[in-house]
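# Notes for the structure review
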Amino acid sequence: MSESKKTFSIKGMHCASCVTMLERALKQIDGVSQANVNLATEKATVSYDPQKVTDKHLESAVSNVGYQAMIGEELKSEDGEQKEKQKELKDLRVKVIVSLVLGGLILWGSFPGLMKSAPMFLQNFWVQLFLAAPVQFWAGFGFYRATLSALKHRSANMDTLVAMGTTVAFGYSAFVTIMPSVVERAGIEPMPYFDVSTIIIGLILLGRYFEAKAKAGTSEAIKKLIGLQAKTARVVRDGKEIDLPINEVEIGDHIRVRPGEKIPVDGIIVEGESSIDESMVTGESMPADKTKDDVVVGATMNKTGSFIFKATKVGQETMLAQIIKLVQEAQGSKAPIQRIADLISSYFVPIVIMLAVATFVVWYNFGPADRALLFAILNTVAVLIIACPCAMGLATPTAIMVGTGKGAEHGILIKDAESLETAHKINTIVFDKTGTLTVGKPEVTDIISVNHLKSEELLRLAASIEKGSEHSLAEAIVKKAEEEKIAISKAESFQAIPGHGVEGNVDGVKIFFGNRRLMEREKVTITDEQNNQIIKLENDGKTVMMLAANGALSGLIAVADIIKDTAKDGLAALKALGIEVVMITGDNQRTAAAIGAKLGITRVLAEVLPDQKEAEVKKIQAEGKVVAMVGDGINDAPALAAADVGIAMGSGTDVAIEAADITLINKDLRSVAAAVVLSKKTMRTIKMNLFWAFAYNIILIPVAMGVLYPFFQLLLSPIFASVAMATSSISVVANSLLLKRKNII
Amino acid sequence: MQLDNIIVTIIGIGVMGFIYWFFLMKKEKTVTAGDLVDITVEGGYSPNTIVIAKGKTTTLRFTRKDPSSCLEEVVVPEFKIRKFLPLNQTVSVEIKPEKAGEYEFVCGMNMFHGKLIVK
């Protein structure tokens, strides 16, 4: 018997006896082996035999004893979040307005200079007490509640500081109002400070209001990505076209997309052609022309044509879903730079409370004789209010959220905060040549006969022998022969010689086809003139293959890969950042050097076999460099992993997310520099934020304690303290949001 | 120094000592989790030190009862999880640690901390 386990909420529980009753009721169901009810969490966990027990059984057992089971009610977090946020903001706004209006009235009636113009009743202390009480206990209720629940865990936070600070100010003022004679007897003028308690609460709530609004902006990128998803798909089933909700689309479904429509899921075009704008997902600015057998990406926009495609990835497997997951994960990760802020913030609040107590003691003992108690109280309040651990806590995560989100908008997916942090230190970038700097589809450029053979015959022999080969160069030659409509013969006793080429018999002729090494091995003579021809082609950046028939060299076929049109700009941008560019390739020295020269790359590592790339990366690291490796993410996985930052350039939908620290979904080489710039700008923002948050607390807490008083007779009013506090956390969030406006390309 | 100064000073030092002891010398209570552990989010996390098994999926079920926006998000950095916790609702987070060690979970602003001990 396989057992199932289920946990669900129960509504209506309020005492320990409910627990026993519910447990008994659940255990009485036939098939339930265990039932645990937790009063604190208001939840039941039940182990049962799913063959005998259904949700209905559980629900009715619970309702029979007078409660309600909430089975299967695990929330839709996105919706819940939205609604809750809005409600929270609305509540907050009402509280801000009420506190500031009441606080303003009290200030009018109590501030020297202003109070002369105020109506008499506002100057009455009892009226002020009456106005201040709702602010303290209704608008400020949240501070008390949070403080109490934190104290239960022997911890303290921002709310604890605000609650303590305002309570001291309010309590003293209330005491002065109710028992002025006691204060007078102590030689102090009975003057309440209700304006302080109310306006502090108003301003701090106002700060929270703006902070909440700004914080919503930091996660905007994710919301945008989620919003990209299409809602429905027009699926062709049994010859009929029906609109289905996106989550009902299955792999293998044929889906029609009309002009101007969004492509719902990932797939391959089976009929028709169109121009597709993929900018929203890949960041690629130019629309791509697509036809049969081309890959389409869900959430991109079909522009002109109409086509049918076969769904290959749906639901959580689509590229968009993967991007969203990756960005969410990155935003949940922690940057190493944050560690110090973490360490400090865990001690911060208790230390501030101790400093506040010390402030009180010192001012009480050493303050000016007539106002010692007053100054002791006001400065204690100022210390409690000005301390702002929030700014420290917000400094790193908000910038990481904006930075990773901005990256995603440009097709730059960052795996985690640590990768983003390391990327700003990169000073050397190693590019894999084929498929990264070049398009990765080599083409035949020259066919040169060196004896009586016609070039057509040369190509026929080469294509025939290469037909069975899996090498990318072979593909280029076979393709060329097909284009020229040359009939290919079948090769016999075909054999691939790794690192050299191929051999076999075509129409009874023994053929060797491959590189110089193969010719040397087979002792095929290459004349000086032929050699010069080869060198000339190689100096043009072409890969030259030689064909020997019956032991004599018959001809040369040159193959070249096209350099990506964004390569030059992309590399120039990296150089402008002061980054050294290295090219790594399996090509021979001369070809590699020629391509390097075309791209302006001086350091070229040629004739590197795929399994040596990792070692080459490590060699450069041993020079003390911080190395990024850019590759296609599939063949280069070990080298990508060995590099300080592995950058995979995506090809179509094959986002090789796992191997790389940063994945570039588009093929635009300028994205590499953009990723580095993004990292540098994000780190700058984080450093500025941290500096601001630390400097703020380090400078202003002593000022609030009154260290300037002995020299300049300067004290910080608690009201100014609350202004400074509210501004400091908003300014950190706002600074992170500024990242959105920075150009990275 | 007058009597009131002495009293204020003694009380002040006493209060500071109490604050140090109360906040900074607390001992966390540790629980050992099965497949599933319920964590109540109210002024912190309870339980806040949880022992979980290596190589096994453990579900952490967070229920936020504290309306303070400080606790509205829970972050488990090593597992790259950042989740919004709607008030009075349960949010499940599944983790499968492959390495033994201590991992923390914190609120969105890093003010509240909890610890996962993987054994």
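The structure presented is a predicted model; accordingly, all values stated were derived computationally and were not measured.

### With respect to the overall build of chain A
Assigned secondary structure in chain A consists of 28 helices and 26 strands. On C-alpha atoms alone, chain A measures out to a radius of gyration of 36 Å, which is more than a quarter above the 27 Å that the 2.2 N^0.38 rule sets for 745 residues. Judged by the C-alpha coordinates and their principal axes, chain A covers about 125 × 75 × 45 Å. In chain A, which comprises 745 residues, the proportion classed as buried is 52%. When contacts within chain A are restricted to residue pairs at least 6 apart in sequence, long-range pairs at least 24 apart make up 68% of them. As presented, chain A carries roughly 33800 Å² of accessible surface, and 57% of it is formed by carbon and sulfur atoms. Computed over 79 positive and 82 negative side-chain charges, the inter-centroid distance for chain A is 6 Å.

### Quick word on the overall build of chain B
Across its full length, chain B holds one helix and 10 strands. Written out in order from the N terminus, the α and β elements of chain B read α-β-β-β-β-β-β-β-β-β-β. Since a compact globule built from 119 residues should have a radius of gyration of about 14 Å, the 19 Å found for chain B marks it as more spread out than a globular shape. By its C-alpha atoms, chain B is 65 × 30 × 20 Å across when sized along the principal axes. For chain B, contacts bridging at least 24 residues in sequence account for 52% of all contacts bridging at least 6.

### A short note on the sheet that holds strand β10 (residues 113-118) of chain B
Residues and elements named next belong to chain B. With mixed pairing, the six strands of this open sheet are ordered in space as β1-β4-β10-β9-β6-β7. The open sheet has two edge strands, β1 (30-32) and β7 (81-84), and neither has a second partner. Going from strand to strand, the sheet's axes swing by 20° on average, the running direction of each strand aside. Note: β1 against strand β4 (residues 49-52), three bridges, orientation parallel. Its bridge partner being in β4, Thr-30 is matched across the sheet by Thr-49.

### Let's talk about the packing of helix α18 (residues 455-466) of chain A against helix α19 (residues 472-483) of chain A
All names here are of chain A. At their nearest, the axes of α18 and α19 sit 9 Å apart, and the two run at 130° to each other. Considering their axes alone, α18 and α19 lie oblique with respect to each other. Of the two elements, α18 crosses α19, and the hand of that crossing is left-handed. Touching Leu-459, Ala-462, Ala-463 and Glu-466 of α18 are Ala-474, Ile-477, Val-478, Lys-480 and Ala-481, all from α19. Of the residues contributing to the contact of α18 with α19, the split by class is seven nonpolar, no polar and two charged.

### Describing the sheet that holds strand β5 (residues 232-237) of chain A
Residue and element names in this part refer to chain A. Pairing within the open sheet is antiparallel, and its six strands lie in the order β6-β5-β7-β13-β8-β11. Each edge of the open sheet carries a strand with a single partner, namely β6 (240-245) and β11 (295-296). In this sheet, strand β7 (residues 254-257) lies alongside β5 in antiparallel orientation, the contact comprising three bridges. From the neighbouring strand, Val-236 faces β7, where its bridge partner is His-254.

### Remarks on the environment of Ile200(A)
Position of Ile200(A) among the secondary structure elements: in helix α9 (residues 194-218). In this structure the C-alpha to C-alpha distance between Ile200(A) and Glu607(A), which are 407 residues apart in sequence, comes to 70 Å.

### Description of the packing of aromatic side chains
Applying the stated rule across the entire model yields 19 aromatic pairs over all chains. Considering the side-chain rings of Tyr209(A) and Phe210(A), the 5.8 Å spacing of their centres and the 65° angle between planes classify their relative orientation as edge-to-face. Exposure remark for Tyr209(A): the relative accessible area of 10% places this residue in the buried category. On the numbers, 6.4 Å between centres and 55° between planes, the contact of Trp21(B) with Phe22(B) is tilted. With a relative accessible area of 16%, Phe22(B) lands in the buried category.

### Notes on the pattern of salt bridges
The tally for this structure, following the rule as stated, stands at 34 salt bridges over all chains. Between Glu482(A) and Lys467(A) there is a salt bridge, and its shortest N-O distance comes to 3.9 Å. Pair noted here: Glu482(A) is in helix α19 and Lys467(A) is in the loop between α18 and α19, with a separation of 15 residues, a long-range link. Of the residues examined, Glu482(A) reaches a relative accessible area of 46% and is grouped as partly exposed. Two residues, Lys115(B) and Glu102(B), come together in a salt bridge whose shortest N-O distance is 3.6 Å. In this pair, Lys115(B) is assigned in strand β10 and Glu102(B) in strand β9 (residues 101-107), connecting sequence segments 13 residues apart. What you see here is one network of salt bridges that share partners, running through Arg234(A), Glu241(A), Asp243(A) and Arg256(A).

### Looking at the side chain of Glu278(A)
All names here are of chain A. Positionally, Glu-278 belongs in the loop between β9 (274-277) and α11 (279-282). Polar contacts involving the side chain of Glu-278 include one to the side chain of Lys-290, which spans 2.8 Å. Apart from the residues lying within four places of it in its own chain, the contact partners of Glu-278 are Gly-283, Glu-284, Lys-290, Val-297 and Thr-300.

### Concerning the side chain of Gln621(A)
Looking at the element boundaries, Gln621(A) is found in helix α24 (residues 613-622). If near-sequence neighbours (up to four positions away) are discounted, Gln621(A) is found in contact with Val627(A), Ala642(A), Ala643(A) and Asp644(A).

### So, helix α14 (residues 372-386) of chain A
Across its 15 residues, α14(A) extends 21 Å between first and last C-alpha, which sits within 8% of the 21 Å expected from 1.5 Å per residue. With 14 of its 15 residues buried, α14(A) lies for the most part within the structure.

### As for the interface of chain B and chain A
With 55 residues of chain B in contact, the opposing surface of chain A contributes 53 residues. Summed over both partners, the interface of chain B with chain A comes to about 4800 Å²; 58% of that surface belongs to carbon and sulfur atoms. By the criterion of area lost to chain A, the three top residues of chain B are Lys80(B), Met109(B) and Met111(B), representing 15% of everything that side buries. Between the two partners, chain B and chain A, sit one salt bridge. Asp416(A) serves as the salt-bridge partner of Lys80(B), at 3.3 Å between the closest nitrogen and oxygen.

### Observations regarding the nonpolar core
Ranked by size, the top nonpolar core spans 142 residues in total, and within it Ile429(A), Phe431(A), Leu574(A), Tyr45(B) and Phe62(B) carry the most contacts. Those residues in contact with Ile429(A) that lie beyond four places of it in its chain are Leu574(A), Ile579(A), Glu580(A), Val581(A), Val582(A), Ala628(A), Val630(A), Val672(A) and Val676(A). In terms of nonpolar packing, the next biggest core, distinct from the first, is built from 23 residues, Ile465(A), Leu473(A), Val506(A) and Phe513(A) among them.

### Let's talk about the environment of Arg234(A)
Residue and element names in this part refer to chain A. Here Arg-234 shows up in strand β5. Separated by 30 residues in sequence, Arg-234 and Pro-264 have C-alpha atoms that sit 8.7 Å apart. With residues near it in sequence (within four places) discarded, Arg-234 still touches Glu-241, Ile-242, Asp-243, His-254, Ile-255, Arg-256 and Arg-258. Within the local environment of Arg-234, its side chain forms a polar contact with the side chain of Asp-243, the two groups lying 3.1 Å apart.

### Re the pairing of strand β18 (residues 501-506) of chain A
The side chains of a regular strand alternate between both faces of the sheet. Residues and elements named next belong to chain A. Sheet topology places strand β17 (residues 491-497) next to β18; five bridges connect them, and they run antiparallel. Looking at β18, one finds that Ala-491 is bridged to Val-506. Linking two consecutive strands that pair antiparallel, namely β17 and β18, is a turn of three residues; a positive phi of about 80° is found at Gly-499 within it. When β18 meets strand β19 (residues 509-514), the two strands line up antiparallel, connected through six bridges. Paired with Gly-504 across the two strands is Ile-511, which belongs to β19.

### Quick notes on unusual backbone geometry
Glycine aside, negative phi is the norm for most residues, and most peptide bonds take the trans geometry. For the peptide bond that leads from Ser46(B) to Pro47(B), omega is 0°, which places it in the cis range. Among the structural elements, Pro47(B) can be located in the loop between β3 (45-46) and β4. At Asn550(A), a position not held by glycine, the phi torsion is positive, near 50°. The topology assignment puts Asn550(A) in the loop between β20 (543-549) and β21 (552-560).

### Looking at the confidence of the model for chain B
Residues of chain B with pLDDT of at least 70 account for 100%, and the chain-wide mean is 87. Across chain B, element-level confidence peaks in helix α1 (residues 3-24) of chain B with a mean pLDDT of 93 and bottoms out in β1(B) with 83.

What counts, and where the lines are drawn
Residues numbered from 1 in each chain as written. Chains lettered and ligands numbered in written order. Predicted model: local features only at pLDDT ≥ 70, side-chain atom pairs only at ≥ 80, totals over all residues. Heavy atoms only, no water. Helix = DSSP H or I, 4+ residues; strand = E, 2+ residues; numbered from the N terminus. Rg over C-alpha atoms; globule rule 2.2 N^0.38 Å. Buried < 20%, exposed > 50% of the residue type's maximum accessible area, 1.4 Å probe, protein only. Contact = heavy atoms within 4.5 Å. Areas by Shrake-Rupley, 256 points an atom, 1.4 Å probe, with all protein chains shown as cover. Lys, Arg positive; Asp, Glu negative; His and termini not counted. Charge placed at Lys NZ, Arg CZ, Asp CG, Glu CD. Pairing = 2+ DSSP bridges. Axes fitted to C-alpha atoms, helices over the stretch in contact; angles between N-to-C directions. Parallel < 35°, antiparallel > 145°, perpendicular 65-115°, else oblique. Left-handed = near helix turned anticlockwise from the far one by under 90°. Nonpolar A, V, L, I, M, F, W, Y, C, P; charged D, E, K, R; others polar. Phe/Tyr/Trp six-rings, centres within 6.5 Å; stacked < 30°, edge-to-face > 60°. Salt bridge = Lys/Arg side-chain N within 4 Å of Asp/Glu carboxyl O. Polar contact = N/O pair within 3.5 Å; in protein donor to acceptor, adjacent residues only side chain to side chain. Expected span 1.5 Å × (residues − 1). Buried area = accessible area lost by both parts, 1.4 Å probe. Core = buried A, V, L, I, M, F, W, Y, C linked by side-chain atoms within 4.5 Å. pLDDT = per-residue confidence, 0-100.

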